[in-house]
Amino acid sequence: DGFDSHIDFPVSVISSYPVGTFPNQYKQLLFKRKRWEHAFGAEDYTTFTINLPFVKQISRIISTYYLTTKWMRKTKNDERRVIVVYSYYLPYLISLNLINKNVPIIQVVTDLPGYDRFSGNGRIKTHLYNVSDRLSYIMMKRTNAFVLLTEQMANVIRIGNKPFIVMEGIINSS
């Protein structure tokens, strides 16, 4: 049910397909931008993606920026508007750092950058992950408030005086 069960207006979703890169990890090269509706009245989109290493992230930055600014123009007179980011995915964070600073951003942090990697990557890949993780922490500074899984996450992210809540576990047991 999520947000939709607690508010009386539709939530819009912008997401990307969680796929590996073409051709080794996934067989599709292009993902067109797709409009869909998770609930009545919602205006949801899946980002346009060119599924090649590095190009994938750049295309998602551009697509997320475009879709977010389109949503912002449409909702410019709605004082309830807020952006909730359910990921520290760097293309989303970069996009949100490029938009108007007058829209509050809430970051849901389920994993910390750098703490969700498996060992066994080569030196170059490990270095690129480390750079990405550092950039993610820098980009999170634009966030106005956080939803964390543990209180200790607040110290690692260094959120300072920004508001946060701890939501230990995200699962519906019924």
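Just so it is clear, the structure is predicted and the values come from calculations on it, not from any experiment.

**Student:** I'm lost on the sheet that holds strand 7 (residues 105-109) in this one. Help?
**Tutor:** Strand order across the open sheet formed by 4 strands is 6-7-8-9, with parallel pairing between neighbours. Pairing within the sheet leaves two strands with one partner each, and these edge strands are strand 6 (83-85) and strand 9 (164-166). Neighbour to neighbour, the strand axes of the sheet diverge by 15° on average, direction disregarded. Pairing between strand 8 (residues 145-148) and strand 9: 3 bridges, direction parallel. What sits directly across from Leu148, in strand 9, is Val166.

**Student:** Where do I start with the pattern of salt bridges in this structure?
**Tutor:** Charged atoms that come close allow side chains of opposite charge to pair. For the structure on display, the rule yields 4 salt bridges. The partner of Lys74 in a salt bridge is Glu43, with the nearest N and O atoms 2.2 Å apart. Remark: Glu43 occurs in the loop between strand 3 (34-36) and strand 4 (44-46) and Lys74 occurs in helix 1 (residues 55-74); sequence separation between them is 31 residues. Arg80 is paired through a salt bridge with Asp78; the nearest N and O atoms lie 3.1 Å apart. For Arg80, a relative accessible area of 41% puts it in the partly exposed group. Relative accessible area serves as the criterion here: at 23%, Asp78 is assigned to the partly exposed category. Connected through salt bridges with shared partners, the residues Asp8, Asp78 and Arg80 form a single ionic network.

**Student:** Please explain the packing of helix 2 (residues 90-98) against helix 3 (residues 123-139) as it appears in this structure.
**Tutor:** To characterise two packed helices, one gives the angle between the axes of the helices and the distance between these axes. As a packed pair, helix 2 and helix 3 sit with axes 9 Å apart at the nearest point and diverge in direction by 35°. Once helix 2 is placed against helix 3, the crossing between them reads as left-handed. Residues Leu90, Leu93, Ile94 and Asn97 of helix 2 lie in contact with helix 3, whose contacting residues are Ser132, Leu135, Ser136 and Met139. Across the contact of helix 2 with helix 3, the residue classes tally to 5 nonpolar, 3 polar and no charged.

**Student:** Mind showing me how you'd approach the packing of aromatic side chains here?
**Tutor:** The relation between two aromatic rings is expressed through the spacing of the ring centres and the mutual angle of the planes. Counted by the stated rule, this structure contains 3 aromatic pairs. Note on Tyr17 and Phe31: the rings are 5.0 Å apart at their centroids and 35° apart in plane angle, and the pair reads as tilted. Taken together, the residues span a long stretch of sequence, with Tyr17 in the loop between strand 1 (14-15) and strand 2 (30-31) and Phe31 in strand 2 at a distance of 14 residues. Among the residues examined, Phe31 registers a relative accessible area of 4% and is labelled buried. Here the aromatic rings of Tyr26 and Phe31 are separated by 5.9 Å at their centres, their planes lie at 35°, and the arrangement is tilted. Judged by its relative accessible area of 35%, Tyr26 is partly exposed. An aromatic cluster is present here, built from Tyr17, Tyr26 and Phe31 joined pairwise through their rings. Directly above the aromatic system of Phe9 lies the positively charged group of Arg80, at a separation of 3.9 Å from the ring centroid.

**Student:** What should I look at first to understand helix 3 in this one?
**Tutor:** Given 3.6 residues per helical turn, the α-helix brings residues three or four places apart onto the same face. Its 17 residues place the ends of helix 3 24 Å apart at the C-alpha level, agreeing with the 24 Å of an ideal helix rising 1.5 Å per residue. Along its buried surface, helix 3 packs onto helix 2.

**Student:** Would you mind going over the nonpolar core with me for this structure?
**Tutor:** For soluble globular proteins, the rule of thumb is that nonpolar side chains tend to be buried together. Core analysis: the biggest nonpolar cluster contains 13 residues, and Val109, Met140, Phe146, Leu148 and Ile157 have the highest contact counts within it. Elements that contribute at least two residues to this core include exactly helix 2, strand 8 and helix 4 (152-157). The contact partners of Phe146, leaving out residues within four places of it in the chain, are Gln107, Val109, Met140, Ile157, Ile159, Lys162, Pro163, Phe164 and Ile165. Of all hydrophobic cores here, the second largest spans 8 residues; its members include Met72, Ile99, Val103 and Ile105.

Rules and cut-offs
- Throughout, a residue's number is its position along its own chain's written sequence, starting from 1.
- The model is predicted, so local features are restricted to residues of pLDDT at least 70 and side-chain atom pairs to those at 80 or more, both for listing and for counting; the totals for chains, interfaces and linings are taken over all residues.
- Heavy atoms from the whole structure form the basis of all side-chain values; hydrogens and water molecules are not counted.
- Any two strands between which DSSP finds at least two bridges are classified as paired.
- Only DSSP runs of H or I reaching four residues or more are called helices, and only runs of E reaching two or more are called strands; each is numbered from the N terminus.
- Between the N-to-C directions of two axes lies an angle of 0 to 180 degrees, each axis being a line fitted to C-alpha atoms and, for a helix, fitted only over the stretch in contact.
- Within this document, salt bridges are pairs made up of a side-chain nitrogen of Lys or Arg and a carboxyl oxygen of Asp or Glu, the two lying within 4 Å of each other.
- In this scheme, a residue with accessible area under 20% of its type's maximum is buried, one over 50% is exposed, and one in between is partly exposed, where area comes from a 1.4 Å probe on protein chains only.
- A crossing counts as left-handed when the near helix is turned anticlockwise from the far one by less than a right angle, and as right-handed when that turn is clockwise.
- Contacts are assigned to residue pairs with any non-hydrogen atoms lying within 4.5 Å of each other.
- Just so you know the grouping, Ala, Val, Leu, Ile, Met, Phe, Trp, Tyr, Cys and Pro go in nonpolar, Asp, Glu, Lys and Arg go in charged, and all remaining residues, Gly too, go in polar.
- When two rings of Phe, Tyr or Trp (its six-membered ring) have centres within 6.5 Å they constitute a pair, described as stacked for plane angles under 30 degrees, edge-to-face for angles over 60, and tilted for the intermediate range.
- Placement of a positive charge over a ring is assigned whenever Lys NZ or Arg CZ falls within 6 Å of the ring centre and within 35 degrees of the normal to the ring plane.
- Multiply 1.5 Å by the residue count of a helix minus one, and that product is the helix's expected span.
- Take the buried Ala, Val, Leu, Ile, Met, Phe, Trp, Tyr and Cys residues and link them wherever side-chain atoms come within 4.5 Å; each set so joined is a nonpolar core.

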